[in-house]
Amino acid sequence: MHRLAVLFFTAVLGAAALVACQTAPAAQPKPVAGFVTDMKAFDAFIATKPTPAQFHAAYPDVTLVTPDMMSTREMRQNNSRYFPKLDAEGRIIGGSFM
């Protein structure tokens, strides 16, 4: 009987640990140094609808030009400056490099 209680307790404890792992927040992506070269990974990141702060954390070397910022319109070919489209909550839902 004692063994059955130990097994039951272990099963409950294991199930609780599994649930805790599933509800833990996702880890932040590793910051990408330099400018954007992997467009597939960048598009997948934008599909998560990041906030500007999350964008800066993931791509610290890319200038994010939000609608409230003034900027020049010179053409850049190195994906170093991103002009986002924002939804009503201020999340990035698309945009383009210029």
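So, a few notes on the structure that sits alongside this text. (Residues numbered from 1 in each chain as written. Predicted model: local features only at pLDDT ≥ 70, side-chain atom pairs only at ≥ 80, totals over all residues. Heavy atoms only, no water.)

1. Here's the deal with the environment of Thr-48
Going by this rule: Helix and strand definitions here come from DSSP, where helices need a minimum of 4 consecutive H or I residues and strands a minimum of 2 consecutive E residues; each element is numbered from the N-terminal end. Two N or O atoms form a polar contact when they lie within 3.5 Å of each other; inside protein one atom must be a possible hydrogen donor and the other a possible acceptor, and for residues adjacent in sequence the pair counts only when both atoms belong to side chains.
Among the structural elements, Thr-48 can be located in the loop between helix 2 (39-46) and helix 3 (52-58). With 45 residues separating them in the primary sequence, Thr-48 and Ile-93 have C-alpha atoms 8.2 Å apart. Polar side-chain contacts of Thr-48 include one of 2.5 Å to the backbone oxygen of Phe-45.

2. Points about the packing of aromatic side chains
How we decide: The aromatic pairing rule takes the rings of Phe, Tyr and Trp, using the six-membered ring of Trp, and pairs them if the centres are within 6.5 Å, calling planes under 30 degrees apart stacked, those over 60 edge-to-face and the rest tilted. Note on classification: 1.4 Å probe, protein chains only; a residue is buried when its accessible area is under 20% of the maximum for its type, exposed when over 50%, partly exposed between these limits.
Evaluated as defined, the whole model comprises 9 aromatic pairs. Look at Phe-42 and Tyr-82: their rings are 5.1 Å apart centre to centre, the planes differ by 80 degrees, and that puts the pair in the edge-to-face class. In this pair, Phe-42 is assigned in helix 2 and Tyr-82 in strand 2 (residues 81-86), connecting sequence segments 40 residues apart. Here the two residues Phe-42 and Tyr-82 agree in accessibility, since each one is buried.

3. Looking at the sheet that holds strand 1 (residues 63-64)
Where we set the bar: A strand pair is defined by DSSP finding two or more bridges across the two strands.
An order of 1-2-3 is seen for the 3 strands of this open sheet, with the pairing classed as mixed. The open sheet has two edge strands with one neighbour each: strand 1 and strand 3 (92-97). Here strand 1 runs beside strand 2; their pairing, made up of 2 bridges, is parallel. The residue bridging Leu-64 from the neighbouring strand is Tyr-82, located in strand 2.

4. What about the pairing of strand 3?
As paired strands, strand 2 and strand 3 are joined by 5 bridges and run antiparallel to one another. Opposite Lys-85, over in strand 3, you have Gly-94 as the bridge partner. Count of turn residues in the strand 2/strand 3 antiparallel hairpin: 5 residues, of which Gly-90 carries a positive phi of about 85 degrees.

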